[in-house]
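# What the coordinates show
For reference, the chains in residue letters:
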Amino acid sequence: MLGMSDRRLLLFDIDGTLIASGGAGEWALRDAMKARFGIDEDLGGILLAGATDKKIAVAMLEKNGLAPSPENITALLDEYLGHLETRMPKHNGRVLPGMIELLEVLGKREEAVLALLTGNVVRGAEIKLTHYGVWHHFEFGAFADDHHDRNELGKFARARAIDRHGIEFAPEKIYVIGDTPRDIECGRAIGAKTVAIATGHYSLDELAEHTPDFLFRDFSETERVVECLLG
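Residues numbered from 1 in each chain as written. Predicted model: local features only at pLDDT ≥ 70, side-chain atom pairs only at ≥ 80, totals over all residues. Heavy atoms only, no water.

### Side note on the nonpolar core
- Core analysis: the largest hydrophobic core is formed by 53 residues, its most contacted members being Leu 10, Phe 12, Leu 18, Leu 106, Phe 219 and Leu 229.
- Tallying contributions element by element places helix 3 (residues 70–87) first for this core, with 6 residues. (Core = buried A, V, L, I, M, F, W, Y, C linked by side-chain atoms within 4.5 Å. Buried < 20%, exposed > 50% of the residue type's maximum accessible area, 1.4 Å probe, protein only. Helix = DSSP H or I, 4+ residues; strand = E, 2+ residues; numbered from the N terminus.)

Written out as structure tokens, the structure reads:
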């Protein structure tokens, strides 16, 4: 039987890490702005990679002179979720290289606790990952519903790990896995190990500038990634 010290909490980002939605998320945001507020939004000047859905919604509203009130944020994100569900089958997205094999291997390892740490709201995360058949791999997560600041989400993930497993994972036993500098920053906010992967908008060299603990081009070499995460 494993001792508490043998277990690892593996926290995965979604967009650019687990999957690429083929633009479905971006277009759903644009659709939502048009449908709810009658505004044609091109998302120009709005940083999407590594941001929470709530921060994106605030930026969209402010860019167009609308109050970023709780009511307007909720209205925009609710509209977005409806369009996201419609958009997902229409776009040429995919699960990123090596990810299905990695999740299947990790899912069989008793020492691995798989969860999400993402800027998506929970329903958006479920829509995206269910579409690609990987939602079931994750026990729980921390989402934009929990906090608008990405760096606060690790605390929620740790708390849910305690609720689920009765384990307060030490920071060095937590791995935050993502494709942006914000994921690296988010991991550091809780003292976790940071695993960067260049399958999103940032290159290996760009990610290397932020000195993650581990850096991969993609996760196609399953054994090497498992050794990094559980070794």
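### Side note on the side chain of Thr 194
- Relative to the elements of secondary structure, Thr 194 occurs in strand 7 (residues 193–197).
- Residue Thr 194 is classed as buried on the basis of its relative accessible area of 1%.
- Not counting residues within four places of it along the chain, the set of residues in contact with Thr 194 comprises Val 176, Ile 184, Gly 187, Arg 188, Pro 212, Asp 213 and Phe 214. (Contact = heavy atoms within 4.5 Å.)

### Here we look at the pattern of salt bridges
- Per the stated rule, a full pass over the model turns up 14 salt bridges.
- Across the pair Asp 13 and Arg 150 runs a salt bridge, and its minimum N-O distance is 3.1 Å. With Asp 13 in the loop between strand 1 (8–12) and strand 2 (19–20) and Arg 150 in the loop between strand 5 (141–142) and helix 6 (153–165), the pair connects residues that are 137 residues apart, well separated along the chain. Neither Asp 13 nor Arg 150 differs from the other in exposure class; each is buried.
- A salt bridge links Glu 85 to Arg 123, with the shortest nitrogen-to-oxygen separation between them at 3.1 Å. Here Glu 85, found in helix 3, pairs with Arg 123, found in helix 5 (residues 122–131); they are 38 residues apart in sequence, far enough to count as distant.
- Relative accessible area serves as the criterion here: at 33%, Arg 123 is assigned to the partly exposed category. (Salt bridge = Lys/Arg side-chain N within 4 Å of Asp/Glu carboxyl O.)

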